[in-house]
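Structural overview for review
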Amino acid sequence: MWLLNLRELCVHAARSVRLRAGERLARREPSLEDWIRAEIRAVCMQIDQADQVFNCSTDPDLIDSSIFIMRACERRLGYLFKQAKTVVESKGAERAPRRNQASVLP
């Protein structure tokens, strides 16, 4: 009985934390970085699910579809990593000090 109440307490606390985090996220507009991170997490979860189907299936059609999904997710990850790289590089360019062209000697 006590364990059940503890479990309910944990569920309630987790729900409360998620709601507070949701309120904080609702206050600010999600950035491109946040979107890329969320997409990468979603694609990784899809890869894990396809891997589980691949490992547990005996039907050739399901195995083929899981392989197709994993390959598509790998391509999507490649795209997302390129996008993340451009975002990081653009932030680095914004933060880098600019040289005064007049002070550079030929």
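This report concerns the structure included in the present document. (Residues numbered from 1 in each chain as written. Predicted model: local features only at pLDDT ≥ 70, side-chain atom pairs only at ≥ 80, totals over all residues. Heavy atoms only, no water.)

Helices and strands together make up the secondary structure of the protein, namely three helices and zero strands. Reading the protein from its N terminus to its C terminus gives the helix and strand order α-α-α. Relative to its 106 residues, the protein shows a buried fraction of 11%. By sequence separation, contacts in the protein at least 24 residues apart represent 61% of the contacts at least 6 residues apart. Accessible area of the protein: about 9500 Å², with a carbon and sulfur share of 59%. (Helix = DSSP H or I, 4+ residues; strand = E, 2+ residues; numbered from the N terminus. Buried < 20%, exposed > 50% of the residue type's maximum accessible area, 1.4 Å probe, protein only. Contact = heavy atoms within 4.5 Å. Areas by Shrake-Rupley, 256 points an atom, 1.4 Å probe, with all protein chains shown as cover.)

Another aspect to go through is the side chain of Ser57. Residue position: Ser57 is located in the loop between helix H2 (32-56) and helix H3 (60-95). In this structure the side chain of Ser57 is engaged in a polar contact, spanning 2.6 Å, whose partner is the backbone oxygen of Val53. In contact with Ser57, other than residues within four places in its own chain, are Leu62 and Ile63. (Polar contact = N/O pair within 3.5 Å; in protein donor to acceptor, adjacent residues only side chain to side chain.)

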